[in-house]
Amino acid sequence: MLSPDPMIAWISCLLGGYLLGSIPFGVIATRLGGAGDLRKIGSGSIGATNVLRTGRRDLAALTLIGDGGKGALAALLARHFLGDPTLADMAACIAAAAAFTGHLFPIWLKFRGGKGVATFFGTMIAIAWPAGLAAGATWLVMAAIFRISSLAGLTAVAVTPLLLFALDQSTIPRLYLAAFMAVLVFIRHHQNIRRLLKGEEPKIGGSKATPAS
């Protein structure tokens, strides 16, 4: 259990979640796997989609698991160690939001991180797994139809608050968390959105590793 002091408990959720979320699994995987510096490849993002541009599906899978897992782990640890069952859901959401922010703005990489879709799914599965799995299924369906990763991700995060309502999992902390992450995902995808509007967004598997712009 964390300290009974509420201030220390909340600070621990924020700081612990942020540091866990800041672990750059994509950068670590590509360097250890001999694929080079991920930040100099493709879009320069540290997420699994950009790792896939190296041609290494194994490293992309590891990145996907790591990025999703760190968000889930932050939420689960906060829920387990807070000490007050009545505040467990709020603690999990705060830690998840901190981990998500850490992924987007990691201190280890001068606050230049990923775009957050995998971490979004990981946190939502830990917070409300039926809604999280439904969001993941939305991504799969959109990706299968349109073959565009960014479009699938943006659609999935946008419908997640509705999924929370539909599946009767819509507590105030969860709705705030889903909305907070969705807004940041859209902000981080502003270049992708421009390319989508122009019909220039690359399809899944259609981009090879090129120097980051």
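The structure under discussion appears in the preceding block.
Attention here is on the structure that accompanies the text. (Residues numbered from 1 in each chain as written. Predicted model: local features only at pLDDT ≥ 70, side-chain atom pairs only at ≥ 80, totals over all residues. Heavy atoms only, no water.)

Structural notes on the overall build of the protein
Inclusion rule: Strands are runs of DSSP state E lasting at least two residues, helices are runs of H or I lasting at least four, and both sets are numbered from the N terminus onward. All radius of gyration figures rest on C-alpha atoms, and the globule criterion is 2.2 Å times the number of residues raised to 0.38. To sort residues, take the accessible area from a 1.4 Å probe on protein chains only and compare it with the maximum for the residue type: under 20% means buried, over 50% means exposed, and anything in between is partly exposed. Any two residues whose heavy atoms approach within 4.5 Å are treated as being in contact. All accessibility values rest on the Shrake-Rupley procedure with a 1.4 Å probe; residue burial counts only the protein chains present in the view. The convention is simple: Lys and Arg are positive, Asp and Glu are negative, and His and the chain ends are not counted. Charge placement uses NZ in Lys and CZ in Arg. For Asp and Glu, CG and CD serve respectively.
Per the secondary structure count, the protein includes 10 helices and 0 strands. Counting from the amino terminus, the protein carries its helices and strands in the arrangement α-α-α-α-α-α-α-α-α-α. For 213 residues, the compact-globule estimate of 2.2 N^0.38 gives 17 Å, and the protein sits close to it at 17 Å. Counting only C-alpha atoms and orienting by the principal axes, one finds that the protein spans roughly 50 × 35 × 25 Å. Expressed as a percentage of its 213 residues, the buried residues of the protein come to 46%. Sequence-distant contacts, at least 24 apart, represent 65% of the contacts inside the protein between residues at least 6 apart. Of the roughly 10,800 Å² that the protein leaves accessible, carbon and sulfur atoms contribute 70%. Each charge class in the protein can be summarised by its mean position, and for the 19 positive and 9 negative side chains these summaries are 13 Å apart.

Here's the deal with the pattern of salt bridges
Counted only if it meets this: The salt bridge definition used is simple: a Lys or Arg side-chain nitrogen within 4 Å of an Asp or Glu carboxyl oxygen.
According to the stated counting rule, one finds 7 salt bridges in the structure shown. Where D58 meets R56, a salt bridge forms, and the shortest distance between an N and an O atom there is 3.0 Å. The class for D58 is partly exposed, based on a relative accessible area of 41%. Residue classification places R56 among the partly exposed positions, given a relative accessible area of 28%. As a salt-bridge pair, R195 and E201 come within 2.7 Å of each other at their nearest N and O atoms. Linked by salt bridges that have partners in common, R31, D37 and R39 make up one network.

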